[in-house]
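# Fold and contact review
Next come the chains, spelled out residue by residue.
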Amino acid sequence: MWSLISNDEKIALTKAVDFCERLLPQGPWKRHKQAIRNAQEVQSSRLSTDEEGLVADGFFALYHHLGPQPHVERYFRKYATTNMVPIGDGESPIDELGEEVDVRQPLGMSADELQLFLRQEMVTDLSVGECQTLVYRHDELFETFKLHQCQGDPVLFRRSKSLLSFPGFLSLLRSGVCAIIPEIFLTVYQDMDQPMSHYFINSSHNTYLTGHQLTGKSSCDAYAMVLLQGCRCLELDCWDG
C-alpha cells in the first residue's frame, strides 16, 4: 500500500490527508487531522517542520487507527496473556457487582505465545527460535510505538523488545507465513503445456451469495468459505451505488 501513494522514504502531509479522505470519505476533517497528528507522535523519525509528513511506521499507525480490526485484536489478546501491563493510573474500576474490571493490556506476544497461535490458529508448526526471529523481523519498525505504549518506562521498554507488538502482529498476519496459499503454489510446478480443455479449474458463480441465486443474501464470508473449499476462480460484482 505504501508504494501506491509514495515513491519516497516519507509521505507528504497532503498525501496523508488524501489517503484519509479516500479510506474514510465520510469522516470529519478534524478526526483525520488528529489521526495524522497521533501518527506523527509515535513514528520513529522526527521530520523537520518544513518537511511535515509520515515515515513507514507513522503511516502504519495511521492506517491502523483509521481501520481498526477488533476481531484480530481479540486473537492477539487471547494468546498474549503473560506480559500484561496496566492502563492509565493502574487502578481497576469496579463493575455493578462490586468486582474489579481488568483494564490491563498486553505488552506484547512472546515467542512461545506466537508459536501456540501459529500452531492452533494457522496450522503452522515453527520452533520457538523461528518465532523469535519473526518477532524481530516484524517489529523492527515499531520500537517507537512500543516506547509510547510503555509511557517512557525503560524497564517495560526493555521487556517489550523481545515481544511482538500488536502492529507487528498485524504485519505478520499479512506476510507469507500466514498466507492462505502455500508457497509452493506461487510458482509454476505442474505441466502447463497441455490444451486448456485438459485442465480442471475449481470455479464459483455468484460467489458472494449464501443461498438462492435470486433471493439469497450477500456476504463476504461466502468468499472465505469457497476458498477453503478449494475454489480458485471467484466472481466479484462491483456496483456503483
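Going by the structure above, here's the rest.
Residues numbered from 1 in each chain as written. Predicted model: local features only at pLDDT ≥ 70, side-chain atom pairs only at ≥ 80, totals over all residues. Heavy atoms only, no water.

## Things to note about the packing of helix α5 (residues 70-79) against helix α10 (residues 166-173)
Rules: Axis lines are fitted through C-alpha atoms, for helices just across the contact stretch, and the angle between N-to-C directions can take any value from 0 to 180 degrees. Runs of H or I in DSSP of at least four residues are treated as helices and runs of E of at least two as strands, each being numbered from the N terminus. Convention used here: angles under 35 degrees read as roughly parallel, angles over 145 as roughly antiparallel, angles from 65 to 115 as roughly perpendicular, and any remaining angle as oblique. We call two residues in contact whenever any of their non-hydrogen atoms come within 4.5 Å of each other. For this classification, the nonpolar set comprises Ala, Val, Leu, Ile, Met, Phe, Trp, Tyr, Cys and Pro, the charged set comprises Asp, Glu, Lys and Arg, and every other residue, Gly included, is treated as polar.
Relative to each other, α5 and α10 sit at 110°, their axes nearing to 11 Å. By the angle class used here, α5 and α10 are roughly perpendicular. The residues of α10 that touch α5, namely those facing Val72, Glu73 and Phe76, are Phe166, Phe169, Leu170 and Leu173. Looking at the contact of α5 with α10, its residues break down into six nonpolar, no polar and one charged.

## Structural notes on α5
We count it as follows: Only protein chains enter the area calculation, which uses a 1.4 Å probe; residues under 20% of their type maximum are buried, those over 50% are exposed, and those in between are partly exposed. Note: the arc covers the axis-to-C-beta directions of the helix.
Turning to α5, its buried residues number three or more, namely Val72, Phe76 and Tyr79. One face of α5 carries all of its buried residues, which in axial projection span an arc of 75°. Exposed residues pointing more than 90 degrees away from the buried face of α5 are listed as Arg74 and Lys78. The secondary structure elements touched by the buried residues of α5 are β4 (105-106), α6 (111-121) and α10.

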